[in-house]
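# Residue-level structure breakdown
The chain contents come next:
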Amino acid sequence: GGRRDAVDLHLLQASGPFWVRRFAEGKESSVCPLLHETLRLVGAKRMVIGHTQVEEGRIRPRCDGQLLMADTIISKNGYPMCWGEESKSRREC
């Protein structure tokens, strides 16, 4: 109850860490230092993210393989509106 529900709600909101696309966008010179610090803080070697369109339709590594952008084909088939030119700006994508 109470506090736990508030924390869970924050985590699941569009602005929460499960939905942020900070590591998938931008120049690696800016993104990779932030990724490295995040991985260090959580004690991880790499991060896998989904729900971020990858034009090639297969896993795309960034930051020397420490970030794996892994969208699934089902999102392309199940959510075709999320594969257009402006789809990254659509809230439901």
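Structure first, text after, so check above.
Residues numbered from 1 in each chain as written. Predicted model: local features only at pLDDT ≥ 70, side-chain atom pairs only at ≥ 80, totals over all residues. Heavy atoms only, no water.

## Some remarks on the sheet that holds strand β1 (residues 47-49)
How we decide: Strand pairing follows a simple DSSP-based rule, namely that at least 2 bridges must link the two strands. Helix numbers and strand numbers start at the N terminus; a helix is a DSSP run of H or I with at least 4 residues, a strand a run of E with at least 2. In this analysis, axes come from line fits to C-alpha atoms, helices being fitted only over the stretch in contact, and the angle between any two N-to-C directions falls in the range 0 to 180 degrees. Residue contacts follow a heavy-atom distance rule, with two residues in contact if any of their heavy atoms lie within 4.5 Å.
Spatial strand order, β1-β3-β2: three strands in an open sheet with mixed pairing. In this open sheet, the two strands that pair with only one neighbour each are β1 and β2 (60-62). Across the sheet, the mean angle from the axis of one strand to that of its neighbour is 20°, orientation sign disregarded. Pairing analysis gives three bridges linking β1 to strand β3 (residues 67-69), with the strands arranged parallel. Looking at the pairing, M47 lines up with L67 of β3. Taken strand by strand, helix α2 (residues 28-42) contacts β1, β2 and β3, and its axis lies near 120° from that of β1.

## Section: α2
What counts is decided by this rule: For a helix, the expected span equals 1.5 Å multiplied by the residue count minus one. Only protein chains enter the accessibility calculation, which uses a 1.4 Å probe; a residue whose area is less than 20% of its type maximum is buried, one above 50% is exposed, and one in between is partly exposed. Regarding the arc, it is the one traced by the directions from the helix axis to the C-beta atoms.
Relative to the 21 Å expected for 15 residues at 1.5 Å per residue, α2 spans 20 Å between its end C-alpha atoms, a close match to the ideal helical length. Within α2 the residues assigned to the buried category are V31, C32, L35 and L39. Looking straight down α2, one finds that the buried residues subtend no more than 95° of arc, so they occupy a single side. In α2, the exposed residues that point more than 90 degrees away from the buried face are S29, S30, R40 and L41. Of the surrounding elements, those touching the buried residues of α2 are β1, β2 and β3. Looking one or two places after α2, you find G43, whose phi comes out positive at around 70°.

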